[in-house]
Amino acid sequence: MPRLNTEFFRGKNILVTGHTGFKGAWMCHMLKQFGANVTGYALEPMQPYSLFDIAKVEEGMDSIIGDIRDYPKLLQVFQEKKPEIVFHLAAQPIVRESYREPRYTYETNIMGTVNVLECMRHTPGVISFVNITTDKVYLNNEWEWGYREIDPLDGFDVYSNSKSCSELVTACYRRTFFEDGKTHISTVRAGNVIGGGDFAKDRIIPDCVRAALEKKDIVIRNLHATRPYQHVLEPLYAYLLLAQEQYEDETIAGCYNVGPEESDCVENQKLVTLFVEQWGEGLKWIDQSDHGPHEANFLKLDSSKLKNRLGWNPHCTIQDAVAMVIEWTKEWKEGNDVRNCMNAQIRQFK
């Protein structure tokens, strides 16, 4: 079975959209460790805290600040940097924000994808493209089993629906404009990621981290929602492995799920309880539903295709993932260089 060959990325020109975000920062840090020539294109990093700034990800890469909706600027970047591999992570990723800003969410998540694909169409040389979407692209029937890649796409809320559309756009471009087989195109639907350095609003682990640092009770708004939580390095290794394998073999390209084992798909209550137990210091959580906008209650992914075709398997349990978040956070809290912690965690996954 294929394994991630870090030497494969050495010297290759790689473009990462959304590089200033949580997953993008982790990815760029990894690619730099592997010797790639990394260019990032994204908005300014989130303030007051961002992993991109804290881990000094900008060092050793070409960081370009721009809006994914700005097609002329993005095209200029493609033409100047001539990437061989493209990872598309740029998105408006928050469900609740999509209710507040639906137009911005659709513009970013759909037209952003169109712009990237158009740039690839007009810039020869892109061999491997991976569009990162979400587990929420599926028509959610609140099933107790994992969704498969053949299940219908029809996200309910604005964010989920916009990412379903991003999948359809990618499939259309693959059939219509890249049928010559020179560019190998995949989409990957990842479960909910957690990891050190995520400070986003309206996400459960960042809310836990903020409460712990401020010595406040953690507020849970959706106690019994079940999600496929996984450490951020799990899908990132899957993205890199897929980009590596489809670079040489077009038949690998397609749609893939990447999620944890079924035993690690847990309710929010269990996730927060694990965090409280491992953090210590008398931290507590309270149930305080705010009756907010619709979000799925039950969501799992079937990752059999990725396992069977690429030999990918999860590296850690949900308990391990929470421990890794806390390890990173306490290193940052103590003023230590979090890059050492990140490098150690990356080595655990090799």
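Our subject is the structure that appears above.
Residues numbered from 1 in each chain as written. Predicted model: local features only at pLDDT ≥ 70, side-chain atom pairs only at ≥ 80, totals over all residues. Heavy atoms only, no water.

What's the story with the overall build of the protein chain in this structure? I'm lost.
Broken down by element type, the protein chain carries 12 helices and 13 strands. Whereas a compact globule of 350 residues would reach a radius of gyration of roughly 20 Å, the protein chain reaches 19 Å, a difference of no more than 12%. Taking the principal axes of its C-alpha atoms as reference, the protein chain extends roughly 60 × 45 × 40 Å. Looking at the protein chain as a whole, 57% of its 350 residues qualify as buried. By sequence separation, contacts in the protein chain at least 24 residues apart represent 81% of the contacts at least 6 residues apart. (Helix = DSSP H or I, 4+ residues; strand = E, 2+ residues; numbered from the N terminus. Rg over C-alpha atoms; globule rule 2.2 N^0.38 Å. Buried < 20%, exposed > 50% of the residue type's maximum accessible area, 1.4 Å probe, protein only. Contact = heavy atoms within 4.5 Å.)

How should I be thinking about the sheet that holds strand β3 (residues 62–65) in this particular structure?
Paired through backbone hydrogen bonds, the strands of a sheet run either parallel or antiparallel to each other. The strand order β3-β2-β1-β4-β5-β6-β11 describes an open sheet built from 7 strands, whose pairing is parallel. At either margin of the open sheet sits one strand with a lone partner, and together these are β3 and β11 (255–258). Pairwise comparison of adjacent strand axes, ignoring direction, gives a mean angle of 20 degrees for this sheet. (Pairing = 2+ DSSP bridges. Axes fitted to C-alpha atoms, helices over the stretch in contact; angles between N-to-C directions.)

I would appreciate a short explanation of the pattern of salt bridges in the present structure.
Pairs can form between side chains of opposite charge whenever their charged atoms are close. Applying the stated criterion across every chain yields a total of 21 salt bridges. One salt bridge in this structure joins R100 and E97, with 3.1 Å as the shortest N-O distance. Here the residue R100 and the residue E97 both occupy positions in helix α4 (residues 95–100), the gap between them amounting to 3 residues, near one helical turn. Judged by its relative accessible area of 48%, R100 falls in the partly exposed class. (Salt bridge = Lys/Arg side-chain N within 4 Å of Asp/Glu carboxyl O.)

What is the right way to read a negative patch on the surface from this model?
A cluster of acidic residues, E179, D180, E248, D249 and E250, forms a negative patch on the protein surface. Tracing the sequence through the fold places E179 in the loop between α6 (158–176) and β6 (184–190). (Patch = residues over 30% accessible without salt bridge, like charges linked within 9 Å, V, L, I, M, F, W, Y side chains within 5 Å. Areas by Shrake-Rupley, 256 points an atom, 1.4 Å probe, with all protein chains shown as cover. Lys, Arg positive; Asp, Glu negative; His and termini not counted. Charge placed at Lys NZ, Arg CZ, Asp CG, Glu CD.)

I tried to follow the packing of aromatic side chains on my own but got confused; where do I start?
Aromatic ring pairs are defined here through the distance separating the ring centres and the angle between the ring planes. Under the defined criterion, the tally for this structure stands at 14 aromatic pairs. On the basis of an interplanar angle of 65 degrees and a centroid distance of 5.1 Å, the ring pair of F199 and W332 is categorised as edge-to-face. Taken together, the positions of F199 in the loop between β7 (193–194) and α7 (204–214) and W332 in helix α11 (residues 318–333) put the pair 133 residues apart, joining distant regions of the chain. Neither residue differs from the other here; F199 and W332 are each classed as buried. Ring pairing ties together the aromatic residues F8, F9, F34 and Y247, which thus form one cluster. Stacked on the ring of F177, the Lys or Arg R121 has its end atom at 4.4 Å from the ring centre. Taking the ring centre of W279 as reference, the NZ or CZ of K330 above it sits at 4.7 Å. (Phe/Tyr/Trp six-rings, centres within 6.5 Å; stacked < 30°, edge-to-face > 60°. Lys NZ or Arg CZ within 6 Å of the ring centre and 35° of its normal.)

Would you explain the nonpolar core in this entry?
Here is a general trend for soluble globular proteins: nonpolar side chains tend to be buried in one another's company. Counting residues in each nonpolar core, the largest one holds 78 residues, and the members touching the most others are L31, F87 and F275. The leading source of residues in this core is helix α8 (residues 233–248), at 10 residues. In contact with F275, not counting residues within four places along its chain, are I205, C208, V209, A212, I218, L283, V322, V325 and I326. Counting 22 residues, the second-largest nonpolar core is a separate cluster that includes I64, I68, V114 and F178. (Core = buried A, V, L, I, M, F, W, Y, C linked by side-chain atoms within 4.5 Å.)

What am I meant to see in the packing of α8 against helix α12 (residues 338–349) here?
How two helices pack is summed up by the angle between their axes together with the distance between the axes. Two elements in contact, α8 and α12, have axes whose closest approach is 11 Å; the angle formed by their N-to-C orientations is 60 degrees. In terms of axis orientation, α8 runs oblique to α12. In the packing of α8 onto α12, the handedness of the crossing is right-handed. Contacts from L233, E234 and Y237 of α8 reach α12 at Q345, I346 and F349. When the residues that make up the contact of α8 with α12 are grouped by side-chain class, the tally is 4 nonpolar, 1 polar and 1 charged. (Parallel < 35°, antiparallel > 145°, perpendicular 65-115°, else oblique. Left-handed = near helix turned anticlockwise from the far one by under 90°. Nonpolar A, V, L, I, M, F, W, Y, C, P; charged D, E, K, R; others polar.)

Just to check I follow, could you spell out α8 for this structure?
For the α-helix, the turn length of 3.6 residues means that residues three or four positions removed from each other point alike. Taking 1.5 Å of rise per residue, the 16 residues of α8 would be expected to cover 22 Å, and the 23 Å separating its terminal C-alpha atoms lies within 8% of that figure. The buried fraction of α8 amounts to 15 of the 16 residues, a majority that puts the element mostly inside the structure. (Expected span 1.5 Å × (residues − 1).)

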